[in-house]
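Fold and contact review
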Amino acid sequence: ASIAETIPDLLGYPIAGVLVAALGSLIGVAFVLDSATYVISGVLLLVMVAPRDEMPTAPFHLRTIWDEMLEGGRFLIARRELLANTVVSSIAQVAIGVEVVCSILYASQVLEQGALGYPQNYAFLMTAIGVGSVIGGAAVGQFAAKAPKGPLGLLGFEGRGGAPAIAGFGASPWDRLAACLPV
């Protein structure tokens, strides 16, 4: 992974945790801020200027987009492995989104609220996920070129899905937070 991909993982999760901790009962603001980042991305894409020689010369038609989508769908259907990977990856992305939302409830209502109560345990949980992502990315980078891609991908999905399940059985917040490191 490049520095540009690693920095958001390493810093984004802890910042999110601190933000949620700072917002306290105003947790809805976190979702508004998250939505605002997508609006900002859309505005930045809208005002982006491409060199004239890279601009499409054909006129824009919705039919062209539809035709390209159909062509892509036919391409996926013709390649079962690619279709299966796309379906599994899409489901995984939805599941990750659900997990992120549920992690607030997990930190506030499931984790023991002893020495590390909510919202600090949420910030620590997000930090563990960020650090685990960076460590996991670095570890996979060491042997990914030599490893068979199918089993490696399955191992990644199993680890990503299994770590939060294991975290649910921890005896203390520290056990549960440690289980999130592989995520």
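Residues numbered from 1 in each chain as written. Predicted model: local features only at pLDDT ≥ 70, side-chain atom pairs only at ≥ 80, totals over all residues. Heavy atoms only, no water.

Turning our attention to the overall build of the chain. Within the chain, the secondary structure is distributed over seven helices and zero strands. Its helices and strands in sequence order give the chain the pattern α-α-α-α-α-α-α, from N to C terminus. Counting over 183 residues, the chain shows a buried share of 21%. Once local pairs closer than 6 in sequence are excluded, the contacts in the chain between residues at least 24 apart make up 59%. Of the roughly 12800 Å² of accessible surface on the chain, 72% is carried by carbon and sulfur atoms. (Helix = DSSP H or I, 4+ residues; strand = E, 2+ residues; numbered from the N terminus. Buried < 20%, exposed > 50% of the residue type's maximum accessible area, 1.4 Å probe, protein only. Contact = heavy atoms within 4.5 Å. Areas by Shrake-Rupley, 256 points an atom, 1.4 Å probe, with all protein chains shown as cover.)

Our next topic: the pattern of salt bridges. Within the structure shown, the criterion is met by one salt bridge. Arginine 63 serves as the salt-bridge partner of aspartate 67, at 3.3 Å between the closest nitrogen and oxygen. Residue aspartate 67 and its partner arginine 63 are both found in helix H3 (residues 62-78); the two are separated by four residues, about one turn of the helix. You can call aspartate 67 partly exposed: its relative accessible area is 33%. (Salt bridge = Lys/Arg side-chain N within 4 Å of Asp/Glu carboxyl O.)

Right, let's get into the environment of proline 119. Along the chain, the position of proline 119 falls in the loop between helix H4 (80-110) and helix H5 (120-143). It is 6.9 Å that separates the C-alpha atoms of proline 119 and serine 108, two residues lying eleven residues apart in sequence.

Bringing the packing of H4 against H5 into the picture now. Each packed pair of helices is defined by two parameters, the angle between the axes and the distance between the axes. Direction vectors running N to C along H4 and H5 enclose 140 degrees, while the axes themselves pass 9 Å from each other. By the angle class used here, H4 and H5 are oblique. In this structure, H4 crosses over H5, and the sense of that crossing is right-handed. The segment H4 lies against H5, with Val100, Ser103, Ile104, Tyr106 and Ala107 engaging Asn121, Tyr122, Leu125 and Met126. (Axes fitted to C-alpha atoms, helices over the stretch in contact; angles between N-to-C directions. Parallel < 35°, antiparallel > 145°, perpendicular 65-115°, else oblique. Left-handed = near helix turned anticlockwise from the far one by under 90°.)

For the rest of this paragraph, the subject is the side chain of serine 103. Here serine 103 is to be found in helix H4. Excluding residues within four positions of it along the chain, serine 103 makes contact with Tyr122, Leu125 and Met126.

Right, let's talk about the nonpolar core for a bit. Judged by nonpolar contacts, Val20, Leu23, Ala30, Ile104, Tyr106, Ala107, Leu111, Tyr122, Leu125, Met126 and Ile129 together constitute the single largest core of eleven residues. Only helix H1 (3-23), H4 and H5 provide two or more residues apiece to this core. Broken down by element, the residue count for this core peaks at four residues, all from H5. For alanine 30, the residues in contact, after removing those within four places along its chain, are Val20 and Leu23. (Core = buried A, V, L, I, M, F, W, Y, C linked by side-chain atoms within 4.5 Å.)

Attention now moves to a nonpolar patch on the surface. Judged by side-chain polarity, Val39, Ile40, Val43, Leu44, Leu46 and Val47 come together as a nonpolar surface patch covering roughly 620 Å² of accessible area. The residue leucine 46 is located in helix H2 (residues 28-47) in this model. For leucine 46, a relative accessible area of 72% puts it in the exposed group. (Patch = residues over 30% accessible without salt bridge, like charges linked within 9 Å, V, L, I, M, F, W, Y side chains within 5 Å.)

None of this, on its own, says anything about what the molecule does.
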